[in-house]
Amino acid sequence: MDKSLKNFYKKTRSERIDDLKEIGCFDDTLNIKADDIVFDHLIENYVTTFEVAMGVAPDFLIDGQTYHIPMATEEPSVIAGASHAAKIIKRNGGFKVESIQRRNIGQIIFKNVTDKASLVKYLNDHSKTWFDLAFKAHPKIHELGGGLVDFKVEEKAYDFVCFYAYINTLDAMGANTINTILESIATYITVDFHAEVLMSILSNLATESLITVSVTINPSHLKNSQVIAKDIEKAYLYASIDPYRAATHNKGIMNGITALMLATGNDTRSVEAQAHAYASITGQYLPLTKWVEKDSMLRGEITLPLAVGTVGGSMGTLPKVRLARKILGVNSALELMKVAASLGLAQNFAAIYALTTDGINKGHMRLHARNVAIEAGALEHQVQDVVNHLLEVKDITLETAKQFLNTL
Ligand SMILES: CC(C)(COP(=O)([O-])OP(=O)([O-])OC[C@H]1O[C@@H](n2cnc3c(N)ncnc32)[C@H](O)[C@@H]1OP(=O)([O-])[O-])[C@@H](O)C(=O)NCCC(=O)NCCSC(=O)C[C@@](C)(O)CC(=O)[O-]
Ligand SMILES: NC(=O)C1=CN([C@@H]2O[C@H](COP(=O)(O)OP(=O)(O)OC[C@H]3O[C@@H](n4cnc5c(N)ncnc54)[C@H](OP(=O)(O)O)[C@@H]3O)[C@@H](O)[C@H]2O)C=CC1
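In every chain, residue numbers begin from 1 and rise along the written sequence. In the order they appear in the text, chains get letters beginning with A and ligands get numbers beginning with 1. Totals for whole chains, interfaces and linings use all residues, but because this is a predicted model, local features are given only for residues with pLDDT of at least 70 and pairs of side-chain atoms are given and counted only at 80 or more. Hydrogens and water are ignored here; the side-chain numbers use all heavy atoms of the structure.

Let us now look at the overall build of the protein. In DSSP terms, a helix is any run of H or I states spanning at least four residues, a strand is any run of E spanning at least two, and both are numbered starting from the N terminus. Assigned secondary structure in the protein consists of 15 helices and 10 strands. Principal-axis analysis of the C-alpha atoms places the extent of the protein at approximately 80 × 55 × 45 Å. Within the span of the protein, comprising 408 residues, buried residues form 48% of the whole. Whether two residues are in contact is decided by their heavy atoms: any pair within 4.5 Å suffices. Contacts in the protein between residues far apart in sequence, at least 24 positions, make up 72% of those at least 6 positions apart. Of the roughly 20,400 Å² of accessible surface on the protein, a fraction of 53% belongs to carbon and sulfur atoms. Counting rule applied: Lys, Arg positive; Asp, Glu negative; His and chain ends not counted. In plain terms, the charge of a residue is placed at NZ if it is Lys, CZ if Arg, CG if Asp and CD if Glu. Taking the average place of the 41 positive charges on the side chains of the protein and the average place of its 46 negative ones, the gap between the two points comes to 5 Å. Buried, partly exposed and exposed residues are distinguished by accessible area as a fraction of the type maximum, computed with a 1.4 Å probe on protein chains only: under 20%, between the cut-offs, and over 50%, respectively. In short, Shrake-Rupley with a 1.4 Å probe defines the accessible areas, and a residue's cover is counted only from the protein chains shown.

This part takes up the domain arrangement of the protein. For every domain, the bounds stem from an assignment made automatically or drawn from a database. Once the domains are mapped, the protein shows domain 1 (8–98 + 210–359), domain 2 (104–202) and domain 3 (362–405). Using only C-alpha atoms to locate each centre, domain 1 and domain 2 end up separated by 34 Å. In this assembly, nine residues from domain 1 lie in contact with five residues from domain 2. Taken together, both faces of the contact between domain 1 and domain 2 bury some 510 Å²; the carbon and sulfur share is 55%. Buried area counts how much accessible surface, traced with a 1.4 Å probe, disappears from two parts once they are put together, with both parts' losses summed. Considering only the side of domain 1, the residues that lose the most area to domain 2 are Ala307, Val311 and Ala333, jointly responsible for 52% of the buried surface there. Whenever Lys or Arg places a side-chain nitrogen within 4 Å of a carboxyl oxygen from Asp or Glu, that contact is recorded as a salt bridge. Where domain 1 packs against domain 2, one counts zero salt bridges. Two N or O atoms form a polar contact when they lie within 3.5 Å of each other; inside protein one atom must be a possible hydrogen donor and the other a possible acceptor, and for residues adjacent in sequence the pair counts only when both atoms belong to side chains. In this structure, the connection of domain 1 to domain 2 is made through three residue pairs in polar contact (both at pLDDT 80 or more).

Next up on the list: the site of ligand 1. Nearness is judged by heavy atoms alone; a residue qualifies as near a molecule or strand once a single heavy atom is within 4 Å of it. Around ligand 1, 27 residues are found, and the nearest of them are Tyr9, Ser77, Lys87, Arg245 and Lys251. At 2.7 Å, a side-chain N or O of Tyr9 approaches an oxygen atom of ligand 1. Interatomic distance of 2.7 Å between a side-chain N/O atom of Arg245 and an oxygen atom of ligand 1. Taking 1,100 Å² as the accessible area of ligand 1 by itself, protein coverage stands at 81%.

Below, the discussion takes up the nonpolar core. Ranked by internal contacts, the top residues of the largest apolar core, which has 59 residues, are Phe60, Trp291, Leu306 and Phe349. Excluding residues that lie within four positions of it along the chain, Phe349 makes contacts with Ala85, Ile88, Ile217, Leu222, Ile232, Trp291 and Leu298. By nonpolar core is meant a set of buried Ala, Val, Leu, Ile, Met, Phe, Trp, Tyr and Cys residues that side-chain atoms within 4.5 Å join together. Listed in part, the 28 residues of the second largest apolar core include Leu133, Phe163, Ile167 and Leu182.

Attention now goes to the sheet that holds strand β6 (residues 161–168). Read across the sheet, four strands follow the order β5-β6-β4-β7 without closing on themselves; strand pairing throughout is antiparallel. The sheet terminates laterally at β5 (147–155) and β7 (196–202), the two strands that pair on one side only. Neighbour-to-neighbour, the strand axes of the sheet open up by a mean angle of 20°, direction not taken into account. At least two bridges found by DSSP between two strands is the condition for calling them paired. Where strand β4 (residues 104–111) meets β6, seven bridges bridge the pair, whose relative direction is antiparallel. Bridge pairing links Ile109 to Cys162 in β6. Here, axes are lines fitted to C-alpha atoms. For helices the fit covers the stretch in contact, and angles between N-to-C directions go from 0 to 180 degrees. In this fold helix α4 (residues 116–125) packs onto β4, β5 and β6, with an angle of close to 165° to the strand it touches most, β5. Contacts between helix α5 (residues 127–137) and the sheet are confined to β5 and β6, with β5 contributing the most and set at about 135° to the helix.

Close contacts around ligand 2 come from 21 residues, with His138, Lys140, Gly174, Asn204 and Asp267 the closest. Separating an oxygen atom of ligand 2 from a side-chain N or O atom of His138 is a distance of 2.8 Å. At a separation of 2.9 Å, an oxygen atom of ligand 2 approaches a polar backbone atom of Gly313. Isolated, ligand 2 exposes 940 Å² of accessible area, and the fraction of that covered by the protein chains is 67%. For the shell around ligand 2, the element with the highest residue contribution is helix α7 (residues 175–193), accounting for four residues.

Now for the side chain of Asn179. In this fold, Asn179 is placed in helix α7. Engagement of the side chain of Asn179 in a polar contact is seen with the backbone nitrogen of Leu202, the distance being 3.0 Å. When near neighbours in sequence (up to four residues on either side) are disregarded, Asn179 contacts Ser200, Ile201 and Leu202.

A few words now on the packing of aromatic side chains. Each aromatic ring pair is characterised by the separation of its centres together with the angle its planes make. Pairing of aromatic rings covers Phe, Tyr and Trp, the last counted by its six-membered ring, and requires centre-to-centre distances within 6.5 Å; plane angles under 30 degrees mean stacked, over 60 mean edge-to-face, and any other angle means tilted. Overall, the coordinates contain 11 aromatic pairs when judged by the stated rule. For the ring pair Tyr122 and Trp130, a centre distance of 5.8 Å and an interplane angle of 70° mean the geometry is edge-to-face. In terms of burial, Tyr122 and Trp130 fall into one category: buried. By the ring-pair criterion, three or more aromatic residues cluster together here, those being Tyr122, Trp130, Phe131, Phe151, Phe163, Tyr188 and Phe193. The ring of Tyr164 carries the charged tip of Lys152 above its face, separated from the ring centre by 5.0 Å. The ring of Tyr353 carries Lys223 above its face, with NZ or CZ at 5.7 Å from the centroid. Placement of a positive charge over a ring is assigned whenever Lys NZ or Arg CZ falls within 6 Å of the ring centre and within 35 degrees of the normal to the ring plane.

Rendered as structure tokens:
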């Protein structure tokens, strides 16, 4: 079956849902709000829910497979931008996963170490004990094929020593799994070696869960086709020399990734921390994507850590998260990494393509104008008239929207 969603954004909401149902990507039983009882047990001091909108960016062709990406966001034009880029990239052969690796890192940090060398030796000499303890602490993850796979010990500045544990958490983001294993090992060491543990916790600098995705685009069908590839390359180049620009460049990437993470019930703070920490790993804050013009083609690439999950946390309890998974149709954390990285690259392409051609306001403010119309009090049948007026007078402000509404 052709699973592409044609003219998706030109349809009404109910037509979009029908389209998703037709290709088996929608389930009415999941399109409900969770009960208060779920929320009351999800967080502390629960009083109410807080909604954002979830949309779908259709037709991402990734390694020959089509994905429709659910995105939960409050920002207009993000989903339009992703859709725009996905369409262009599909025409150019789609996204290609260049490399992918996945295991997580945990840290046991020792304090007040007076003899660093002997603690390091003790930790290195008892490797079997750490693997046995890890198994006992979390048999399930080891039975599933994951668990502790390696470790490394480092003397640190001051009187610190760090035990780095490399743990395969399979399809889970893994924080709870890692912390359980770390705390068990740390408790044993405290008793057996009388070492003082400062803390045991996973690291969000997930350098062992890196993914690289690339695209190659023929610029001949893009706006400003003579210079666009060079300009997009320059946009990357400038971001690589100026952290003030790189921060915005990367924010544009995370517009997409964070929206997907929120929709799929992943920990958005962890994924943001991973991305920005990795962007500064060389000591200079750098862009997470790279664009180069070569042989009259534009080649884009993104590399970033994505320690994400498809099980665990609140994923099993929230119906809208399960709906997002139904729409997306990924079966493993590795597959989610591929989609998220592709979305980040697409979002970056959309933003710098707009920035180096029409400017950001044309597309963004056109879509933001609908928001302004609603805020001004427009009824559904008035929204388009108010938007048209705001665009015509080139003044997308609440005041102008209110004044126009008074004349209707
Ligand atoms: C907004 C567009 C796509 C317009 O782009 P355009 O070329 O003016 O629009 P178009 O009407 O010709 O439509 C082109 C395609 O966009 C999609 N599209 C068009 N409209 C919609 C819509 N309503 N809903 C869903 N999809 C839409 C759709 O795929 C459409 O193809 P078609 O099907 O018509 O052949 C473009 O200007 C764009 O991508 N802008 C960038 C959007 C963006 O990045 N927004 C984030 C907010 S700004 C920010 O936070 C990040 C930033 C920018 O600071 C990052 C950075 O600096 O690097
Ligand atoms: N710094 C950070 O980022 C921190 C984040 N957190 C939070 O931790 C939560 C995520 O923890 P996480 O460990 O991922 O989640 P969970 O502990 O909720 O879920 C993982 C568990 O799911 C079970 N499981 C079943 N099938 C699989 C499979 N295929 N792959 C992996 N596990 C499987 C495993 O055992 P079993 O069935 O026995 O449970 C596993 O332990 C998030 O809510 C995050 O916000 C917490 C602390 C710090």
